[in-house]
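Below are the chains, spelled out letter by letter.
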Amino acid sequence: MEADLKTGFKDKANKILGYHPEDAKLSKSYIAVAFIALLVGGFLGLLQGLNRAGLLELPTWFNYYQVLTAHGLILILVLTAFFTIGYFYAALSHNLGGLLPKVRKLAWIGFFVKLVGFVLAVIPILMNEASVMYTFYPPMAAHPVFYIGLALIVVGVWLCCIGAFIQVANWRKNHKGQHVPILSYFATGVFVLLFFALMFVAVEVLVMILPWTLGWVDTINVMVARTLFWAFGHTLVNIWYLTAVSAWYVVVPKVIGGKRWSDLLTRVVIIALVIMNITGGFHHQIIDPGINELVKFMHVFMSLAIGFPSLMTAFALFAVFERTSRRKGGKGLIGWWKKMPWGDVRFLAPFIAMLAFIPAGAGGIVQSTNQLNQVVHNTMWVVGHFHLTLGMSVVMTFFGISYWLVPYISNRVLTPQINRIGVIQTWIWTIGMIFMSGAMHYVGLLGSPRRTSYTTYGDHATALGWDPYLMLLAVGGTLLIVGVILQVYAVFNMMFFAPKGDTEFPIAEEEDNATKTPYWTERWGLWIVIMLIVVAMAYVIPLTEFIVNAPPGSPPFKTW
Ligand code: HEM
Ligand SMILES: [Cu+2]
């Protein structure tokens, strides 16, 4: 009887919190994989960092390029995909009254398909049959099993996209005339982008690379393959960004006890990012030959256009900080600064992540500029750039999310001890990344190439001049691995050992006097059509050109 009462009470509490045990299990599995990936990928990163500083020679059976391919793949594909899906599925479940059974099933099938795909991709890497880096540019060719693994990962993510679409469509059918709750609206944007971006890479892998590595065709069109890769890869970058931004807009204001900034502006930012995203791919191919300058210019324009919603975001977020702290009595020009909860990791981590996005975004503008790109292209600068954007802005936001999401899906609470570990972790990660990414940027300007195992080029003076910076890189990397260990410890502690209890899913309310968001923001069909038109504008002409005036195709090469 008492037990009945207890479970009855618990059910009610769960309803209020929107916590569904079956859905929580799904998210927990996704998040667990993400953080195991962080642990493994982080250690591989450390090996690279130590190697680049000349401190560690890697064995022939696990050489630098195997490590590098695995590091890139594990952190770029596994960590981010599993975290994003675990996080947004928790949001969909919480917002939309629990996942539909078939949606949950799709996400589970997707989970295992991705894991199988990942194992298939890793085996050839370990056997030294796939040192093609995570970009797998032809004409470098790996063992076909590597690409079969990648294709399965694509299918697994697609299943999760479809699941999300079914869930949102079902809710909309039952809630005619209502706005999709804001985090689910973000999720919709992210899954729409993923769904379409993956088509490019699916065509690249299934139609071009697999037949070529299986020997069914002799040659491959390298330009088409690279272009398809970056139409996907560039979009993926913005998918990470949009995921982080969702927490900045919706969660952080709640954590600091404030209100959300304009709902309309938030939704417009999402729409803008969805429409303008895919079309920036050529900024990764800015010095590739055979692409008309006008087309390159258009892609650069579209890349920079994304700066606009980013500036709107920056404005909105700082306005929220200021308003909230003034309400709490913060005075003067910067007095509000003191009222922020600096000791709360759920605020501190995403806040520093946001700050990091300022230099990170500036570096991105440098790289999108043709002349400046010539200076930094394929140097360590680029590696510094994406450790700042992805490794800092995005991943540290994910860390910040983990301190409430993991307790929420585990039905446990964040203890002061774990919060303290989180705060320490945040500072270690920040300092480590400043060292590592700073050193990478600078040594890149001095000419040190990316994706190159340690060498002094026969004690050439220029190469010797890189050494002090590469040493700083290794120092940063060592701090980061301490950060990785703390973070992974915190996540698994919160998942399995923290005290039981209910944790809130933090979603900020709108301001009391907020104007009503017009219903046109819900017209996803229209946004997708506009997106496809913009994509066609950017890609139809160059791809036709590459195919009609194709350069000689290339046979596969094993360059390692
Ligand atoms: C312990 C923390 C980390 C360390 C010490 C580390 C170190 C490194 C180093 C030294 C490289 C370089 C090399 C080269 O071009 O030769 C590299 C590449 C890379 N890192 Fe990290 N990293 C860490 C964390 C991360 C994280 C969290 C992410 C993303 C979520 C990430 C993503 C990448 C990617 C995508 C590459 C490029 C691989 C390629 O060029 O093929 N890293 N990392
Ligand atoms: Cu890009």
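Below, the structure is looked at part by part. Remember, predicted model here, so these are calculated numbers, not experimental data.

## Observations regarding the coordination of the iron atom of ligand 1
The protein atoms that coordinate the iron atom of ligand 1 are His71 (NE2) and His387 (NE2), at distances of 2.0 to 2.1 Å. Of note is the iron atom of ligand 1, whose six donor atoms meet at the metal with angles of 85 to 180° in an arrangement that counts as octahedral. Taken together, the residues His71 in helix α3 (residues 64-95) and His387 in helix α13 (residues 380-410) connect sequence positions 316 residues apart. His71 sits in the buried class, given a relative accessible area of 14%. Using a relative accessible area of 14% as the deciding quantity, one classes His387 as buried.

## A short note on the packing of aromatic side chains
Tallying each qualifying case throughout the model produces 51 aromatic pairs. Ring centres of Phe186 and Tyr249 lie 6.3 Å apart, and the angle between their planes is 35°; on these two criteria the pair is classed as tilted. Separated by 63 residues along the polypeptide, Phe186 in helix α6 (residues 182-213) and Tyr249 in helix α7 (residues 222-255) bring together distant segments of the chain. Each member of the pair, Phe186 as well as Tyr249, is classed as buried. Arranged with centres 6.2 Å apart and planes meeting at 80°, the rings of Trp520 and Trp527 form a pair that is edge-to-face. In textbook terms, an aromatic cluster arises when at least three aromatic residues are bridged by ring pairs, as seen for Phe35, Phe83, Tyr87, Phe88, Tyr89, Phe191, Phe398, Phe399, Trp404, Tyr408, Trp429 and Phe505. Of note, Arg267 hangs over the ring of Tyr185, and the distance from its end group to the ring centre comes to 4.6 Å.

## Topic: helix α11 (residues 345-368)
Each turn of an α-helix holds 3.6 residues, which means side chains three or four residues apart point in the same direction. The terminal C-alpha atoms of α11 lie 34 Å apart, and with 24 residues this matches the ideal 34 Å at 1.5 Å per residue to within 8%. The largest bend in α11 is about 30°, located at Ile358, with the proline Pro359 one to four residues further on.

## Some points on the nonpolar core
Counting residues in each nonpolar core, the largest one holds 195 residues, and the members touching the most others are Tyr89 and Phe146. In this structure Phe146 touches Leu73, Leu120, Ala121, Pro124, Ile125, Ala130, Val132 and Phe136, once residues within four positions along its chain are discounted.

What counts as what
- Residues numbered from 1 in each chain as written.
- Chains lettered and ligands numbered in written order.
- Predicted model: local features only at pLDDT ≥ 70, side-chain atom pairs only at ≥ 80, totals over all residues.
- Heavy atoms only, no water.
- Donors = N, O, S within 2.8 Å, 3.2 Å for Na, K, Ca; no water.
- Tetrahedral: all angles 85-135°; square planar, octahedral: opposite > 155°, others 65-115°.
- Helix = DSSP H or I, 4+ residues; strand = E, 2+ residues; numbered from the N terminus.
- Buried < 20%, exposed > 50% of the residue type's maximum accessible area, 1.4 Å probe, protein only.
- Phe/Tyr/Trp six-rings, centres within 6.5 Å; stacked < 30°, edge-to-face > 60°.
- Lys NZ or Arg CZ within 6 Å of the ring centre and 35° of its normal.
- Expected span 1.5 Å × (residues − 1).
- Bend = angle between axes of the 7 residues up to and from the residue.
- Core = buried A, V, L, I, M, F, W, Y, C linked by side-chain atoms within 4.5 Å.
- Contact = heavy atoms within 4.5 Å.

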